[in-house]
Amino acid sequence: MTSTEQSTEQSSLSRRTLFKAAATASAAAAATTIITPGGAVAAPPSDLGADSTQVHKGGNIPTPAQYFGTRIGSDGYLAQWKDMVPYFQLIGQRSERVKYQEIGKTTLGHPYILLTISSPQNLARLDHYTSINARLADPRGLSDSDARKLAGEGLPFYFVQAGIHSTEVGNSQAAIEWAHRLATDQSKYMKEILDNLIILMVPCQNPDGLVLVNDYFAATAKTNLARTYPDLYNKYNGHDNNRDWIMLTQIESGYNISIVNKYHPQVFQDSHQASSNSPRLFTPPYLAPYDVNIDPIIVQQTNAVGMAMQRGMTAAGMKGNGWADQYDYWTPSRQYCVYHGAARILTEAATCSNLAYPLVGNGPLGRQDKAINFIEPYDSNTWTLRNVIDWVSEAFYAGLETVAYDKYNWLYNFYRVGHKAVTRTGPFAYVIEAGQRDPQAVFDALTIFRKGAVEIHQAQSAFTAGSKTYAAGSYIIYMKQPYAVFAKTLLEVQDYPMLLQYPGGPPVRPYDVTAQTLPMLLGFKADLIEGQFNANAKLISSVAPPSVSVPTPSNTGAYAFGPESYGVFRIVAALQRKNVPTFRAAAAFTDGGRSYPAGTFLVPPSGAAKQVLQDQARATGIPVHAIGTVPAVAGVQLKQGTRIGLLKPPGNMPSGWLMWMFDQYGVNYSVVVHDDYANLAGKYDAIIMPHGVSRTSIVTGLDSSRYPAEWSWAFGVGTTGFTALHDFVTGGGTLVAYGSGTTTAQTLFNLPITSVLPSDRSAFYCPGSILSQEVDSNNPAAWGMEANHPVWMDADPAYKLTSTTTYPVSVVAKYPDSGNQLQSGWLIGGQYLNGAVNGLSWTIDKGYVLTFGSEIGFRTWNRGEQKMLFNAMYYGPSQKLAAEQFKRLGR
């Protein structure tokens, strides 16, 4: 009996029975011809049957098994994007239930697609239902009675994405079957879901990664090579691509939020896989804590969907599932949707072996104890990719059910969330004052808010708020608006609760980090105003850098721009590309009544300089001045075309994020590859050693016997290569290391530093927080920094300098000798940081080394302190000039 027949006869039959029947039909055998991915006609494999689907607007829709030539989830098989996209297109062409849409191209140029799925009559009125959702999302001026009418008339939207993490292969494979079943299943059960729900399906949130991982898997079949793609499965950030929901840097992140912002879904299902020893499937409820900026209704609805999924799996006889374990509801970097009205439903399926092969144990897999959040242990010793697909599919259909069968309450509660947002009482607004020291930081923050659908007003005249007067041009984010909480959670200080495993015991590990205070990370000020105030302010539809003009200096003067903004390195990179001579003053000076700090950039006047500076000032809002006389102070001339090398072991996310920053700025860099070690100085002036670069990753690298020749760039260079890196520095090169990269640099040069932090997490713990820091802004590595710019710390080392005579060394940044070390997030044992060293600059023979214990390049978040990395990589190779030399600026 097919799933259609079963559901027609008995709609209350368990979803497990329905699903298994549908899956069997998908893999059944007996068709006389098969449409293959290449469009050819092939004889059917013996296990494939007749296409049982209905004729729709364009003909029959082959089952996944018929189209791909094997059942999805078969051992050792992964469908590839080049075949999946045409199949989804075919479904969209032939089914009246499915609208296929290419949202855009990904970073590497692959199609990013959206399937909108519902009944034909609903799709015909998609704009109407979208407009209802938009009205409920922003209910200003909407009466309760009108909201109830709209809730009765509208339809909930259920947004599901798969495949953001490309080695978590099961969900994107399952999406093939989801799309087929939703398009073809004629049962009463499915029709009821589609009549009452609109499904937004992104079959793969990271198509680039699916191409890299699945194509590599296919290419290495029947070889002795490793089967898992070894590098980042997203060009820039790999697994961190779902930590981008606050900075919104990636193209694919932008596509995702454009769907959220347009359709205003009530549910966002984010489908993942976890380790092989995890519960067979995790769903919400989550562990504590949750961000209090998430509306309690959303929290409860999250719990409801998660438990509906658990109920469905239990009723279907699927064991080994859990909830309220490991994952919390805290950081917005993983959950844009919850600040925009949607419950985030994270599903995490246990992984099988080697991507697509059975995992077989000596006994039942996974934990075998019972608990209130883990009620039935898994009772088999085998777990396959097909199991993954079955489990995640059961949960997916259960999620659809629980929303479709309760559509009025989902829509009316959606309105309630929006109504509370637009009628909230205090605080009144955030004000971001005009004329701040770093216009790039302000612009970047405002850009994030606008992408996040936050309304921003700009003052047209001066006004007073909270006893402070603000100039015209200041920005106001009023809190009575639908998505104010997105701005609020990014602007405020985080106070993470003290969660211990037991009284006096070790901390409960947060799933990710605990702080995201943008003003501290980027380096700008945002004032929270509790009380109401009046301002002549205009709602802006887009943000732009401040308008600045570039005066022309005399022939004896120079262009001058300050070092305060991290955006200055966009300008530096542009000047380098045009071979425009660029200098930096090593001491403060004054000219024409204006004071300039140490690190100020000076550029001799020329036509090329004028054009670059005008273009860059317009793009960044960073003011460029003209000085009449070049000061007689010491300084440096940046090396023209400074060549930056980036150490990037395969799969290293910190280096990937840095690549993104470099590409945005236009930095002249390349990844250091195996063959470069024969002559590092011939190719690079400065080398960056990010967090995660170890001696092993350099010396051993990838195993040449396990990876094909195209990966030779990442093969180990042996101790000879490691010594070559040492010699590069002692011969005059520059090395910038941070995070665990500093440990590698310590090994390389035997640096006289030792960690001062206890290894016992009960004594010291800092899981991604923002701490206090003292910075020497007269040090070239810290030019332009504020003296108290905070530091991002995520389980990083802090040091004691044990000798000042081994190498010439100076302290760039340290933790305060006393006081509160925590500024935002969570910290245990802050007293151990008192007086500890963070940043050090070293002279090693002829070379220059900068080390930071902290990650000064963390996910592009802490751009304010990342400026020190840029300072160092240009300063090290620069020509050092005495005052008289500097005064001439090379003329």
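Numbering of residues starts from 1 in every chain and runs along the sequence as written. The predicted nature of this model means local features are confined to residues of pLDDT at least 70 and side-chain atom pairs, given and counted, to a pLDDT of 80 or more, with totals for whole chains, interfaces and linings taken over all residues. Hydrogen atoms and water are omitted, and side-chain values are computed over all heavy atoms in the structure.

S.K.: What is the right way to read the packing of aromatic side chains from this model?
M.R.: Each aromatic ring pair is characterised by the separation of its centres together with the angle its planes make. Aromatic rings from Phe, Tyr and Trp, with only the six-membered ring used for Trp, were paired whenever their centres fell within 6.5 Å, and each pair was classed as stacked if the ring planes differed by under 30 degrees, edge-to-face if by over 60, and tilted otherwise. Counted according to the given criterion, the structure contains 48 aromatic pairs. Consider the rings of Trp-330 and Tyr-496, whose centres lie 4.9 Å apart with planes at 80 degrees: the pair is edge-to-face. Of the two residues, Trp-330 sits in the loop between strand S10 (328-329) and strand S11 (343-350) while Tyr-496 sits in the loop between helix H16 (484-491) and helix H17 (518-523), which places them 166 residues apart along the sequence. For Tyr-496, a relative accessible area of 4% gives the class buried. Ring plane angle 15 degrees and centroid distance 5.6 Å describe the contact between Phe-463 and Phe-533, whose orientation is recorded as stacked. In this pair, Phe-463 is assigned in strand S16 (residues 463-465) and Phe-533 in the loop between strand S19 (527-529) and strand S20 (537-540), connecting sequence segments 70 residues apart. Starting at the N terminus, helices and strands are each numbered in turn, a helix being any DSSP run of H or I of at least four residues and a strand any DSSP run of E of at least two. The cut-offs for exposure are 20% and 50% of the maximum accessible area for each residue type, with area from a 1.4 Å probe on protein chains only; residues under the lower value are buried, those over the upper are exposed, and the others partly exposed.

S.K.: How do you make sense of the environment of Ala-134 when you look at a structure like this?
M.R.: Topologically, Ala-134 is positioned in helix H6 (residues 126-137). C-alpha of Ala-134 to C-alpha of Asn-838: the two residues are 704 residues apart in sequence and 48 Å apart in space.

S.K.: When you look at the packing of helix H8 (residues 170-184) against helix H13 (residues 385-404) in this model, what are you seeing that I'm missing?
M.R.: Packed helices, taken two at a time, are described by the angle their axes make and the gap between the axes. Fitted lines through C-alpha atoms give the axes, limited to the stretch in contact for helices. The angle between two N-to-C directions lies from 0 to 180 degrees. Viewed as axis vectors pointing N to C, H8 and H13 meet at an angle of 55 degrees, and their least axial separation amounts to 9 Å. The pairing of H8 with H13 is recorded here as oblique in orientation. The handedness of the crossing between H8 and H13 comes out as right-handed. Contacts between H8 and H13 involve Gly-170, Asn-171, Gln-173, Ala-174, Glu-177, Trp-178, Arg-181 and Leu-182 from the former and Leu-385, Arg-386, Val-388, Ile-389, Val-392, Ser-393, Phe-396, Tyr-397 and Leu-400 from the latter. Residues are grouped as follows: Ala, Val, Leu, Ile, Met, Phe, Trp, Tyr, Cys and Pro are nonpolar; Asp, Glu, Lys and Arg are charged; every other residue, Gly included, is polar. For the contact of H8 with H13, the per-class residue count stands at 10 nonpolar, 4 polar and 3 charged. If an angle is under 35 degrees, it is roughly parallel; if it is over 145, roughly antiparallel; if it lies from 65 to 115, roughly perpendicular; otherwise it is oblique. In this scheme the handedness of a crossing depends on how the near helix is turned from the far one: anticlockwise by less than a right angle means left-handed, clockwise means right-handed. Here, residues are in contact when the closest pair of their heavy atoms is within 4.5 Å.

S.K.: Where do I start with unusual backbone geometry in this structure?
M.R.: Most peptide bonds adopt trans geometry, and most residues besides glycine take a negative phi value. A cis amide bond links Ala-288 to the next residue, Pro-289, at an omega of 0 degrees. Inspection of the secondary structure puts Pro-289 in strand S9 (residues 287-290). The residue after Gly-426, namely Pro-427, is reached through a cis peptide bond having omega -5 degrees. As for its placement among the helices and strands, Pro-427 is situated in the loop between helix H14 (407-422) and strand S14 (429-432). A positive phi is found at Lys-222, a non-glycine position, where the angle reads about 60 degrees. Here Lys-222 falls in the exposed class, since its relative accessible area comes to 87%. A positive phi is found at His-264, a non-glycine position, where the angle reads about 55 degrees. As for its placement among the helices and strands, His-264 is situated in the loop between helix H11 (251-263) and strand S7 (267-274).

S.K.: Whenever I open this one, the sheet that holds strand S15 (residues 456-459) confuses me. Can you help?
M.R.: Paired through backbone hydrogen bonds, the strands of a sheet run either parallel or antiparallel to each other. Between any two strands, pairing holds if DSSP finds at least two bridges. Ordered by their spatial adjacency, 5 strands build an open sheet running S19-S14-S18-S15-S20, and the pairing between neighbours is antiparallel. The open sheet has two free edges, formed respectively by S19 and S20, since each of these has just one partner strand. Between one strand axis and the next, the sheet turns by 30 degrees as a mean value, whatever way the strands run. Sheet topology note: the S15/S20 ladder contains 4 bridges and is antiparallel. Across the sheet, residue His-457 finds its bridge partner in S20, namely Leu-539.

S.K.: What exactly am I supposed to notice about the pairing of S9 here?
M.R.: The side chains of a regular strand alternate, first on one face of the sheet and then on the other. Inspection of the sheet shows S9 paired to S10 by 2 bridges, in the parallel sense. Looking at the pairing, Leu-287 lines up with Asp-328 of S10. The handedness of a crossover follows from its direction of travel: if, with the strands pointing away from the viewer, the path from the first strand over the helix to the second runs clockwise, the crossover is right-handed. The parallel pair S9 and S10 is bridged by helix H12 (residues 296-315), and the resulting crossover is left-handed.

S.K.: How do you make sense of the sheet that holds strand S21 (residues 558-561) when you look at a structure like this?
M.R.: One open sheet accounts for 6 strands, arranged S26-S21-S25-S22-S27-S41; its pairing is antiparallel. The open sheet terminates on both sides in strands that have one partner only, identified here as strand S26 (625-627) and strand S41 (879-881). On average, adjacent strands in this sheet sit at an angle of 30 degrees to one another, irrespective of strand direction. Taken together, the 2 bridges between strand S22 (residues 583-585) and strand S25 (residues 601-603) define a ladder with antiparallel strand orientation. Across the sheet, residue Arg-584 finds its bridge partner in S25, namely Phe-601.

S.K.: Could you clarify how one ought to interpret the confidence of the model for the protein chain in this entry?
M.R.: As a general rule, the predicted coordinates of low-pLDDT regions are not to be interpreted in detail. Chain-level pLDDT for the protein chain is 93 on average; 93% of the residues reach the 70-or-more range. Contacts for the low-pLDDT stretch residues 1-55, under 50 throughout, to residues beyond four places or in other chains number 117 contacts. Per-residue confidence from the prediction method is given by pLDDT, with values spanning 0 to 100.

S.K.: For this particular structure, what's the right way to read the pattern of salt bridges?
M.R.: Pairs can form between side chains of opposite charge once their charged atoms are near each other. The term salt bridge refers to a side-chain nitrogen of Lys or Arg lying within 4 Å of a carboxyl oxygen of Asp or Glu. Scanning all chains against the criterion turns up 27 salt bridges. With a shortest N-O distance of 2.8 Å, Arg-140 and Asp-138 are connected by a salt bridge. The exposure class assigned to Asp-138 is partly exposed, which follows from its relative accessible area of 25%. Lys-488 is the partner of Glu-492 in a salt bridge, and the nearest nitrogen-oxygen pair spans 2.9 Å. Taken together, the shared-partner salt bridges in this structure form one network comprising Asp-240, Arg-243, Asp-512 and Arg-859.

S.K.: Would you take a moment to explain the packing of helix H18 (residues 568-577) against helix H25 (residues 863-875) for this structure?
M.R.: Running from N to C, H18 and H25 cross one another at 30 degrees; their axes reach a closest spacing of 11 Å. On the basis of the axis angle, H18 is roughly parallel to H25. The two elements H18 and H25 meet at a crossing, and its hand is left-handed. On H25, the residues touching Phe-569, Val-572, Ala-573 and Gln-576 of H18 are Lys-867, Phe-870, Asn-871 and Tyr-874. Broken down by class, the residue content of the contact of H18 with H25 amounts to 5 nonpolar, 2 polar and 1 charged.

S.K.: Help me out: how do you make sense of the side chain of Ser-878 in this one?
M.R.: Tracing the backbone through its elements, the reader meets Ser-878 in the loop between H25 and S41. Residue classification places Ser-878 among the buried residues on the basis of a relative accessible area of 7%. Setting aside its immediate chain neighbours within four residues, Ser-878 contacts Val-636, Gln-637, Leu-638 and Lys-639.

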